[in-house]
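Summary of the model geometry
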Amino acid sequence: MSKLIDFENFQIQLAQSPLLSVYAEFIVYTKKISIGIVIALLLLVSKRTLQQ
């Protein structure tokens, strides 16, 4: 639950930035997707190293 609140706070803070407000939504979702991809890759790597 706290990650959802932090996510909303991050989105609000980006929207308030004069330079980043145009790209705020793109940055937020790109960050969310990239974190998911990194976690998935780390899980795959750890699974493969445990199998060897």
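The structure reproduced in this document is the subject of the present report. (Residues numbered from 1 in each chain as written. Predicted model: local features only at pLDDT ≥ 70, side-chain atom pairs only at ≥ 80, totals over all residues. Heavy atoms only, no water.)

**Considerations on the overall build of the protein chain**
Heads up, the rule is: Each helix is a run of DSSP H or I of at least 4 residues and each strand a run of E of at least 2, with the numbering of both proceeding from the N terminus. As a reference, a globule follows 2.2 Å times the number of residues to the power 0.38, and the radius of gyration itself is taken over C-alpha atoms. A simple rule labels every residue: compare its accessible area, found with a 1.4 Å probe on the protein chains alone, to the largest value its type can have, and call it buried under 20%, exposed over 50%, or partly exposed in between. Throughout, the Shrake-Rupley method with a 1.4 Å probe supplies accessible areas, and for residues the shown protein chains are the sole cover considered.
When its secondary structure is counted, the protein chain shows two helices and zero strands. Computed over its C-alpha atoms, the radius of gyration of the protein chain comes to 15 Å, more than 25% above the 10 Å expected for a compact globule of 52 residues. With respect to the principal axes defined by its C-alpha atoms, the protein chain has extents near 50 × 25 × 10 Å. For the protein chain, the proportion of its 52 residues judged to be buried stands at 10%. Accessible surface computed for the protein chain: about 4800 Å², of which carbon and sulfur atoms make up 68%.

**As for the environment of F10**
By the secondary structure assignment, F10 is in helix α1 (residues 2-16). Spatially, the C-alpha atoms of F10 and F26 are 12 Å apart, while their sequence positions differ by 16 residues.

**Side note on a nonpolar patch on the surface**
The cut-off we apply is this: Note on patches: the residues involved have over 30% relative accessible area and no salt bridge, like charges join within 9 Å, and the nonpolar side chains Val, Leu, Ile, Met, Phe, Trp and Tyr join within 5 Å. Take a side-chain nitrogen of Lys or Arg and a carboxyl oxygen of Asp or Glu: if they are within 4 Å of each other, that pair is a salt bridge.
Among the surface-exposed residues, Y29, I33, I37, L41 and L44 lie close enough to one another that they form a single nonpolar patch of about 500 Å² accessible area. Relative to the assigned elements, L44 resides in helix α2 (residues 24-51).

**As for the packing of aromatic side chains**
Between two aromatic rings, the relevant description is the distance of the centres plus the angle of the planes. Applicable threshold: Put simply, two rings from Phe, Tyr or Trp (the six-membered ring, in Trp's case) pair if the centres are within 6.5 Å, and we call them stacked under 30 degrees between planes, edge-to-face over 60, tilted for the rest. Ring-over charges, as used throughout, are those where CZ of Arg or NZ of Lys falls within 6 Å of the ring centre and within 35 degrees of the ring normal.
One pass over the structure, following the stated rule, counts zero aromatic pairs. The positively charged end of K31 is found above the aromatic ring belonging to F10, 4.0 Å away from the centroid.

**Structural notes on the environment of L14**
Counted only if it meets this: The criterion used for residue contact is that any of the two residues' heavy atoms lie within 4.5 Å.
Position of L14 relative to the elements: it lies in helix α1. On the basis of relative accessibility, which here comes to 9%, the residue L14 falls in the buried class. Distance from L14 to I27, taken between C-alpha atoms, is 8.5 Å for residues 13 residues apart in sequence. Sequence-distant contacts of L14, that is, excluding residues within four places in its chain, are made with L20, S21, A24, I27 and V28.

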